[in-house]
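The primary structure of each chain is shown beneath.
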Amino acid sequence: MEGSEKLENEKTEKGTDKPESQNVLTSTRTVIKTALDKLGYSQEVYDLMKEPLRMMTVRIPIRMDDGSIKVFTGYRAQHNDAVGPTKGGVRFHPDVTETEVKALSIWMSLKAGIVDLPYGGGKGGIICDPREMSFPELERLSRGYVRAISQIVGPTKDIPAPDVFTNSQIMAWMMDEYSRMKEFDSPGFITGKPIVLGGSHGRESATAKGVTICINEAAKKKGINIEGARVVIQGFGNAGSFLAKFMHDAGAKVVGISDVYGGLHDPDGLDIDYLLDRRDSFGTVSKLFKDTIGNDELLELDCDILVPAAIENQITERNADKIKAQIVVEAANGPTTIEATRILSERGVLLVPDVLASAGGVTVSYFEWVQNNQGYYWTEQEVQERLEKVMVNSFDNVYKVSTARNVDMRLASYMVGVRKMSEASRFRGWI
Ligand code: GLU
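Just so it is clear, the structure is predicted and the values come from calculations on it, not from any experiment. (Residues numbered from 1 in each chain as written. Predicted model: local features only at pLDDT ≥ 70, side-chain atom pairs only at ≥ 80, totals over all residues. Heavy atoms only, no water.)

> With reference to specific residues and values, describe the pattern of salt bridges.
Per the stated rule, a full pass over the model turns up 29 salt bridges. Close ionic contact of aspartate 176 with arginine 143 constitutes a salt bridge, the shortest N to O distance being 2.9 Å. Taken together, the residues aspartate 176 in helix α6 (residues 168-182) and arginine 143 in helix α5 (residues 135-149) connect sequence positions 33 residues apart. Aspartate 176 gets classed as partly exposed once you look at its relative accessible area, which sits at 25%. In this structure arginine 143 comes out as buried when scored by relative accessible area, which is 13%. (Salt bridge = Lys/Arg side-chain N within 4 Å of Asp/Glu carboxyl O. Helix = DSSP H or I, 4+ residues; strand = E, 2+ residues; numbered from the N terminus. Buried < 20%, exposed > 50% of the residue type's maximum accessible area, 1.4 Å probe, protein only.)

> Give me the lowdown on the confidence of the model for the protein chain, citing residues and values where you can.
In this model, the protein chain carries a mean pLDDT of 94, and residues with pLDDT of at least 70 account for 96%. Confidence over residues 1-15 falls short of pLDDT 50; this stretch has 13 contacts with residues more than four positions distant or in other chains. (pLDDT = per-residue confidence, 0-100. Contact = heavy atoms within 4.5 Å.)

> Describe the packing of aromatic side chains, naming the residues involved and giving the relevant values.
What the rule picks out here adds up to nine aromatic pairs. A ring pair is formed by phenylalanine 395 and tyrosine 399, whose centres lie 6.0 Å apart and whose planes are at 10 degrees; its orientation type is stacked. Linking phenylalanine 395 with tyrosine 399, this pair stays in helix α14 (residues 380-404), spanning four residues, or about one helical turn. For phenylalanine 395, a relative accessible area of 0% corresponds to the buried category. Residue tyrosine 399 is classed as partly exposed on the basis of its relative accessible area, which comes to 23%. A network of ring pairs unites the aromatic residues Tyr119, Tyr366, Phe367, Trp369 and Trp378 as a single cluster. The lysine or arginine in question, arginine 426, covers the ring of phenylalanine 427, its NZ or CZ lying 5.2 Å from the ring centre. (Phe/Tyr/Trp six-rings, centres within 6.5 Å; stacked < 30°, edge-to-face > 60°. Lys NZ or Arg CZ within 6 Å of the ring centre and 35° of its normal.)

> Break down the site of the ligand for me, citing the residues and quoting the values.
Close to the ligand lie 13 residues; Lys87, Lys111, Pro162, Asp163 and Ser365 are nearest. One of the side-chain nitrogen or oxygen atoms of aspartate 163 is found 2.7 Å away from a nitrogen atom of the ligand. Going through the elements one at a time, β3 (86-92), α4 (98-114), β5 (158-162) and α13 (360-374) are the ones with two or more residues in the shell around the ligand. Its residues assigned to classes, the shell around the ligand shows four nonpolar, four polar and five charged. (Near = heavy atom within 4 Å. Polar contact = N/O pair within 3.5 Å; in protein donor to acceptor, adjacent residues only side chain to side chain. Nonpolar A, V, L, I, M, F, W, Y, C, P; charged D, E, K, R; others polar.)

> Could you give an account of the sheet that holds strand β1 (residues 54-63), with specific residues and numbers?
Spatial strand order, β1-β2-β4-β3-β5: five strands in an open sheet with mixed pairing. Edge strands, defined here as strands with exactly one partner in the open sheet, are β1 and β5. Taking the axes of each pair of neighbouring strands and ignoring which way they run, one obtains an average angle of 20 degrees across the sheet. Where β3 and β5 come together, five bridges link them in parallel fashion. What sits directly across from glycine 89, in β5, is alanine 161. (Pairing = 2+ DSSP bridges. Axes fitted to C-alpha atoms, helices over the stretch in contact; angles between N-to-C directions.)

> Help me get a handle on the nonpolar core, residues and values and all.
Proteins that are soluble and globular tend to have nonpolar side chains buried together. One finds Ile215, Ile233, Ile257, Val307 and Val418 to be the most contacted residues of the largest nonpolar core, which totals 84 residues. Sequence-distant contacts of isoleucine 215, defined by excluding residues within four places in its chain, comprise Ile226, Leu243, Met247, Ile305, Val307 and Val329. Residues Tyr145, Ile152, Ile170 and Met174 belong to the second largest nonpolar core, which totals 25 residues. (Core = buried A, V, L, I, M, F, W, Y, C linked by side-chain atoms within 4.5 Å.)

Right under this line is the structure:
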């Protein structure tokens, strides 16, 4: 008994692959291959892009509050740095795996290409459960991770940022550790910092703002008026909750929301301000209600706009033909499978894919890095105006490719996303 339990633990410790992360990597590669073929690029370009250029695995020994030592496993993947330094978040989650980090780093390259930032993609993760760790333990882990990956990161090499279960406090510890090691203040080493440490206005809500801008653009294409439009949001974390607020304030009716424990539905529109007020720091609120609905029911609710803002593989061939929304905007990473994308697009549903819709976060991270590099800071309004411009242009660009080449918005986004990276790799003489 004890032996098998130990073996189980070791398995999770090493981040043994979940089938989902394998699926995510495989489907990303499939779409990249199709995009490269459509653009006329050779197999060599695909071979370069299907894997990160660098993948570092680190073991981080941390003293826990009870005096024991626990060794954590972390990763940092750098997908492609032909365009510029790599960039992307670090997630703290028990389900982090090497394969998932790889796939997420590829997505970051695509996002950077789509919104035209001078970056390649990177991603990091640590297998841990921050919900069960104290503040001092999290601080030691954050600092330990930076020491472990310090050789391959830096303001002109690879710039980390927040991701699942990491926040501005964790970014602050990481920045402080890096600055101490290098013996000079390095705010440009990491983004998503608190404002007083060189963070940017608008960074915290940037992903949701980007999604909101995509919703507005998609609604124009479909002739839907945001005022009075019925919106369903799956997930009430950072992206989902800010988005609910933005939609509500714009006059839309948020008729459904959900968290890990269940969904809430009101055809007349939910009281978003009240729900935000009662939401805990891990984004849960539905526990407070008796009348909840299941995940499947939530996704299939009668609505105009559906925003999956939670986890992967939510819209599949099983439920794609039951989705009633005319617009699906992916705020989460990988919520719709390839097969479901095909079904939705055949049904005329306008799907705005993750790599475009969720690029607002990295866009404002770029603004933060620019401000750090120049030592001159922008107002909230300047940030918002610039973000609006970037997202509207990127949406238009992808939409144009999608109509001109008669492909869905996901494939069009990938085509835009891989192009600059391929060109830069070619000019550098790599391919
Ligand atoms: N983790 C976020 C993303 O996946 C943000 C990355 C960044 O700001 O660099 O887009």
